[in-house]
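What the coordinates show
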Amino acid sequence: ESDKPYMPSLYPFSIKNLPAGIATFLMQIPANGNILNHPNNGGYLQWKLYPRYKIFMDMEVPFLFTDEDFFIAKNVFSNEEVLRKILAQYNPSFITVPISGKKFREMIKKYQDYTVIFFDQAEVLYVNKAQYPEIAKRYELNIVDPFEIEGKSVETFRKKETLEVTLKELLRIRDVYPSSLLINQVLASIFNKNGEFKRAVPYGEEIILNFPELPIGYHYKGDSLTGLESYDEALSYYKKALSRADEERERIIYKQLGHIYTKKKQYQNAYKVLKKSIDIFANETTYKELYDLGTTAYLAVEFETGEKILMFAYQN
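Residues numbered from 1 in each chain as written. Predicted model: local features only at pLDDT ≥ 70, side-chain atom pairs only at ≥ 80, totals over all residues. Heavy atoms only, no water.

**Concerning the overall build of the protein**
In plain terms, the rule: In this description a helix means any DSSP run of H or I spanning at least four residues, a strand means any run of E spanning at least two, and both kinds are numbered starting from the N terminus. Exposed residues in this analysis have more than 50% of their type's maximum accessible area, buried residues have under 20%, and partly exposed residues fall in between, with area computed by a 1.4 Å probe over protein chains only. Pairs of residues are marked as contacts when any of their non-hydrogen atoms sit within 4.5 Å. A 1.4 Å probe and the Shrake-Rupley method give the accessible areas. Residues count as covered only by the protein chains that appear here. Charge convention: Lys and Arg are scored as positive, Asp and Glu as negative, and His as well as the terminal groups of each chain are ignored. Taken as the charge location is NZ of Lys, CZ of Arg, CG of Asp or CD of Glu.
Counting its regular elements, the protein contains 17 helices and five strands. A burial count over the protein gives 48% of its 316 residues as buried. Sequence-distant contacts in the protein: of pairs separated by 6 or more residues, those separated by 24 or more amount to 56%. Per element, the accessible surface of the protein, about 16900 Å² overall, is 50% carbon and sulfur. Across the protein, 41 positive and 42 negative side-chain charges occur, with their mean positions spaced 4 Å apart.

**A few points about the pairing of strand β5 (residues 123-128)**
Defined as follows: Strand pairing requires that DSSP identify at least two bridges connecting the strands.
Within β5, six of the six residues are buried, which leaves it mostly tucked inside the rest of the structure. Both faces of β5 are covered, namely the face carrying E123, L125 and V127 and the face carrying V124, Y126 and N128. Direction of pairing for strand β4 (residues 114-119) relative to β5: antiparallel, over a ladder of five bridges. Bridged to Y114 within β5 is N128. In this antiparallel pair of consecutive strands, β4 and β5, the connection spans three residues.

**Regarding the packing of aromatic side chains**
As a reminder of what qualifies: Two aromatic rings, drawn from Phe, Tyr or Trp (for Trp, its six-membered ring), form a pair once their centres lie within 6.5 Å of each other, and the interplanar angle then sorts them: stacked below 30 degrees, edge-to-face above 60, tilted otherwise. Working rule: Lys NZ or Arg CZ, within 6 Å of ring centre, within 35 degrees of ring normal, means a charge sits over the ring.
Considering all chains together, one arrives at 12 aromatic pairs under this definition. A ring pair is formed by F25 and Y139, whose centres lie 4.9 Å apart and whose planes are at 90°; its orientation type is edge-to-face. In this pair, F25 is assigned in helix α1 (residues 20-28) and Y139 in helix α6 (residues 133-139), connecting sequence segments 114 residues apart. Considered together, F25 and Y139 belong to a single accessibility category, that of buried residues. By the ring-pair criterion, three or more aromatic residues cluster together here, those being F25, F118 and Y139. The lysine or arginine in question, K48, covers the ring of W47, its NZ or CZ lying 5.2 Å from the ring centre. Geometry around Y237 places K240 over its ring, the cationic atom sitting 5.0 Å from the centre.

This is the structure we're talking about:
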């Protein structure tokens, strides 16, 4: 069992794993028609989109479907032959696919009528250009690949030659769906990395507002406040992030806390948190990490320990 305190999601439920942005987008555009959807989120889409749109399947009502229906619904996003038959039979106006569906991204390239126009933290939306050419023209994504965006290095989005277009596409999506977890994460990362800390703050705050159970919003706002040299306030947000974080994120936050305590000349606190951020005996621990920890130990009047860690650093 986790020793973390229970962190409730936004009442009445979290939308983290639901295509809430796609549903919002579909209800704003002048369209209707059939949607080829993954059955896992069929119930949510049916609830949000009926009667303007008809979905392919809702797995929450299995008594309406045969075993063959379930086989098709589960395989249409990964089996080329099943996809070919379904597109030929139904010619859907829209397709919404899990954002993890990289295989589908390659399969659908054979059908040039379909192009990506929107995404959220759960799914990616395609439109049939033959049926809705104006919607495709207005919303088609040319730079951002939603199937690659999660977990991708923010440096990729900060390339000068594509940054302006990337931001334009991301902000266009956020204009439709301001609550987007994924979009707010990317925007907060980009602006923090660019040193535009004031510009980054609202995106961290939006994540906190809509996903209070997650550490990421508090972490991003802590980064922004650190950049703005509001150290005491940053400490507060980092501590909130820590109470929600997994082990990997904890190590990152401890390093940032160490940086703040050093800036505040609270060296004992800095050494205490930096110790938690690294394993001095691990192969992946770098020279710089060991050097920073060793020098902080010296500043904290832990001379013997500091000397030992610095010796490890020089041998690394």
